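So the chains spell out like this:
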Amino acid sequence: MSFFRQTSRKLLKMVWNDCSQCHRMCTLSEAAQSIKIRNIHEGESGILANSLALEGCRAKTTDLKMFHKLDPSGYYMSLTDSGEVIGTIGGIRYSDSFGYIGFRHVDEEKKEQGYEQGLLNVALEHLKDRWLGIEVKPDEVETFQKLGFITAWHNGCFKTEKTPFFPELGQNPSIHSIPEGPLGRVVEYDTEIFGVDRRRFIMSWTKTEKKGTSLLVTENDKIMGYGVVRPLQERQCHRIGPLYALNTAVAQVLILALISVIPDEALYITAPLTNPSFIRLLTNDLRLKQINETVRMYTKKDHEIPTHKMFAIVDTNVG
C-alpha cells in the first residue's frame, strides 16, 4: 500500500464521523440536526469570504472565483433544511499527489454539533491518496497532529493602515511588469517554490488592473523573484502575495516597488516567520504590525518547500 493511501486512510479513520457521498450530497447525524453538505458552485464563491476572519482582509469575489477554479469540485458548504449556510471547506487537488485544505469555517455556535467534522470528512474523501497541506490556528495544532499532520513552519499576518510613499525609488531596469515579461518562466519559478504547477491560477492571478502591481525581478535574463499586490474587498485595502525571491535583498526590491504603487493605503501581507531579516524589514522599516499567526502543517515531514525563498504567500486558504 502506498504512503499516500496509508495517510489518507489513517486520516479518514481518525476523523470523527464517517460521511457517505451520493452525488456529492450527504446528510449528517441527527445530532447535527439534519444538515446537508453540497458543492459550492462558482457563482456561489462569495460564500467563501466567511472563512477569511481577519477584519478588512476579505478577498474580492473575483479573486474567490480564481480560488474556486483551482478545483471546482473541491469546495463544499453545509446547510440546514431551511437553506441556512452553516459552514464551508475547500479541498484543492493541486496534483495527483498533493492536496490542500482551506476555507474552513463553521458558525461558532455550531462547532460543537458535528458540522466541522462532517465538512472535514468530505474534504478528506475528495483528497484521498494525496499528501496534504493545511493552515491552522496555534490552538488547533495538537488536534491535527493526531490526524497525522506535522508542523512545517509558522506564518504571520502583518498589517499597516497606511503604506509609506517612496518618491526616491525611480526606475529600476531589473524590475518588469509580469504581463510584459516571460510569463511561462514565471510559472516555472512559482512551481519551483510552491512545489506543484498551478499554471492557470498564476496566469490569472498576475493579470492585475493597475500597472506596477504584478512585478518580476530579473538579472542576466534570469528570474530572481516575483510578487503581486491585489485589492481586497474593503476600499483602499490591498494584500501582497505571493512574494517569492532568491533572497531578502530581492524581496526588499519587490516589496518597495509594489508598495510604491499603492501609497497611503491599507496593506496586508502573510509571511513565513522563518525569514527573520524580512520580518524586521516589515516591522522596523515599513512599520507593519503582526496581527495574527497561523501554523502550516503537512502530512509528510519532507515537504521540500524552500521557505527561505518564500516571503509572502497568496492566502492561508490556498497555500
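Structure: above.
Residues numbered from 1 in each chain as written. Predicted model: local features only at pLDDT ≥ 70, side-chain atom pairs only at ≥ 80, totals over all residues. Heavy atoms only, no water.

A few words on the side chain of Arg-296. By secondary structure assignment, the location of Arg-296 is in strand β13 (residues 289-298). One polar contact links Arg-296 to Glu-135, side chain to side chain, over a distance of 2.6 Å. What Arg-296 contacts, discounting residues up to four positions off in sequence, is Tyr-100, Ile-134, Glu-135, Ile-150, Thr-151, Ala-152, Trp-153, Asn-155, Ile-313 and Gly-319. (Helix = DSSP H or I, 4+ residues; strand = E, 2+ residues; numbered from the N terminus. Polar contact = N/O pair within 3.5 Å; in protein donor to acceptor, adjacent residues only side chain to side chain. Contact = heavy atoms within 4.5 Å.)

Along the chain, the position of His-105 falls in strand β5 (residues 98-106). Of the residues examined, His-105 reaches a relative accessible area of 23% and is grouped as partly exposed. (Buried < 20%, exposed > 50% of the residue type's maximum accessible area, 1.4 Å probe, protein only.)

Phe-67, Tyr-75, Tyr-94, Phe-201, Tyr-226 and Val-318 are the most contacted members of the largest nonpolar core, which totals 40 residues. Counting residues per element, the ones that place at least two in this core are α2 (61-69), β3 (75-79), β5, α5 (183-194), α6 (199-205) and β10 (222-231). Among the elements that line this core, the one with the most residues is α5, at 5 residues. When neighbours within four sequence positions are excluded, Phe-201 is seen to be in contact with Met-66, Phe-67, Leu-70 and Val-314. Formed by 28 residues, the second largest nonpolar core is a distinct cluster that contains Leu-256, Ile-259, Leu-267 and Ala-312. (Core = buried A, V, L, I, M, F, W, Y, C linked by side-chain atoms within 4.5 Å.)

Tallied over the entire structure, the rule returns 14 aromatic pairs. Ring centres 5.9 Å apart and planes at 50 degrees place the aromatic pair Phe-67 and Phe-103 in the tilted group. Here the residue Phe-67 occupies a position in helix α2, and Phe-103 occupies one in strand β5, the gap between them amounting to 36 residues. On the basis of relative accessible area, Phe-103 is assigned to the buried category, the value being 0%. Ring pairing ties together the aromatic residues Tyr-94, Phe-98, Trp-131, Trp-153, Phe-194 and Tyr-298, which thus form one cluster. The cationic tip of Arg-198 hangs over the ring face of Phe-194; the distance from NZ or CZ to the ring centre is 3.8 Å. A cation over a ring is seen here: Lys-300 above Trp-131, with NZ or CZ 4.5 Å from the ring centre. (Phe/Tyr/Trp six-rings, centres within 6.5 Å; stacked < 30°, edge-to-face > 60°. Lys NZ or Arg CZ within 6 Å of the ring centre and 35° of its normal.)

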